[in-house]
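Chain by chain, the residues run as shown.
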Amino acid sequence: MSVNAPKGLFPSEPEHYRGPKLKVGADKNLLVKDHTHTFVNKGGEIGELDFRFPIGAPLHGIRPFLSTNQLKTYDEARNAVALALSPVVKALVSPDGAMKDIRNLDSVSNDIFVLFKGYTLGFIACDKISARCMLTIFSLFATKTEASLLRMLKGSPDVCLSGPIRKYIEDKGGRWGCRQIMYDRSADGETYVTGLAMSKMLHPRSYMNNSEGPDEDPFRPDQKTPLKNFFLAGSYSKQDYIDSMEGATLSGRQASAYICDAGEELVALRKKLAAAESPENTVSCPVTDEPSLV
């Protein structure tokens, strides 16, 4: 997304970061499709939202909902009323205020919101996701012309998306995947991370249950943890795009901002540990795997 995206919907790069923008080659695997969204309904009937329009947001987003064959006339009328009363319109003048309203709907399932607010686009298993998911997407559509433009991978995500990232890390001497977090305690009892025991990657979904479901936000961890030198990033962590690629990207930006803000604390922690008189002053938690120190 552009760094000029509306405040509150997709923040720009952290202010303190002035380093290079790394490119690992994954961008060349993205294929831009026609600016349309296709729905395959029961019985094989095809519906479409066509965003191709010479004028950008928000007009390019209004037109497809008024002209789509995915909605009946009654549903189009309901949508018009619903959109007028929803946080989506508010996002045009106050993105931060709109996101606050949308976050407050985290506990509401999307099927209930569809029933009472008229969003009848036929989304799969809408009773299993929070209304916040679709409202966040619609708010972004309303304010950013390119937000509704889909980019597809030309192959497996493991090869075309995470593959180049993994290669970049390993070429720089890093290791991929984490089996166990290693930690110590300083002489004054402060806990800090010493390294990561590396092995096959454990995907967050293996321990996060339905992270895009209603009322799951309280269980999403923040990127900043109680440990000064340990930070999290991933779509499962706390951010506005929940379980998505955009959410993973946003979490990375938020994590980098936290790291930049914690610079002085991290330097102080390193100096304190270096000044420790001997290794006997700490309680170690060893593992058999060779760690990759952080």
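For every chain, the first residue of the written sequence is number 1, and numbering continues from 1 onward in sequence order. The model is predicted, so local features are restricted to residues of pLDDT at least 70 and side-chain atom pairs to those at 80 or more, both for listing and for counting; the totals for chains, interfaces and linings are taken over all residues. Hydrogens and water molecules were not included; the side-chain quantities draw on all heavy atoms of the structure.

In the annotation of an unreviewed UniProt entry, the protein is listed under the name Amine oxidase domain-containing protein and assigned to Manihot esculenta.

### As for the pairing of strand E3 (residues 46–50)
What counts here: Strand pairing requires that DSSP identify at least two bridges connecting the strands. Secondary structure elements follow DSSP: runs of H or I of four or more residues count as helices, runs of E of two or more count as strands, with numbering from the N terminus.
For strand E2 (residues 36–40) and E3, the ladder comprises five bridges, and the chain directions are antiparallel. Counted as the bridge partner of Val40 is Ile46 from E3. The antiparallel hairpin formed by E2 and E3 contains five residues in its connecting segment, where Gly43 sits at a positive phi of about 85 degrees.

### Quick word on the environment of Ile129
Just so we agree on the cut-off: The rule is simple: take the accessible area with a 1.4 Å probe, protein chains only, and divide by the maximum for that residue type; under 20% is buried, over 50% is exposed, in between is partly exposed. Note on definitions: a residue-residue contact is assigned when non-hydrogen atoms from the two residues lie within 4.5 Å.
Counting through the fold element by element, Ile129 comes out in the loop between helix H5 (110–117) and helix H6 (131–143). Assessed through its relative accessible area of 15%, Ile129 is described here as buried. Put simply, Ile129 and Asn110 are 19 residues apart on the chain and 5.8 Å apart in space, counted from C-alpha to C-alpha. Setting aside chain neighbours within four positions, we find Ile129 in contact with Val108, Ser109, Asn110, Met134, Glu212, Gly213 and Pro214.

### Thoughts on the pattern of salt bridges
Where charged atoms of side chains with opposite charge meet at close range, the side chains can pair. For clarity, the threshold we go by: The salt bridge criterion pairs a side-chain nitrogen of Lys or Arg with a carboxyl oxygen of Asp or Glu, the two atoms within 4 Å.
Scanning all chains against the criterion turns up 14 salt bridges. Among the salt bridges present, the one from Lys272 reaches Glu190, with a minimum N-O distance of 2.3 Å. Within this pair, whereas Lys272 is found in helix H10 (residues 263–274), its partner Glu190 is found in the loop between strand E5 (180–185) and strand E6 (191–197), the two being separated by 82 residues in sequence. For Lys272, a relative accessible area of 30% puts it in the partly exposed group.

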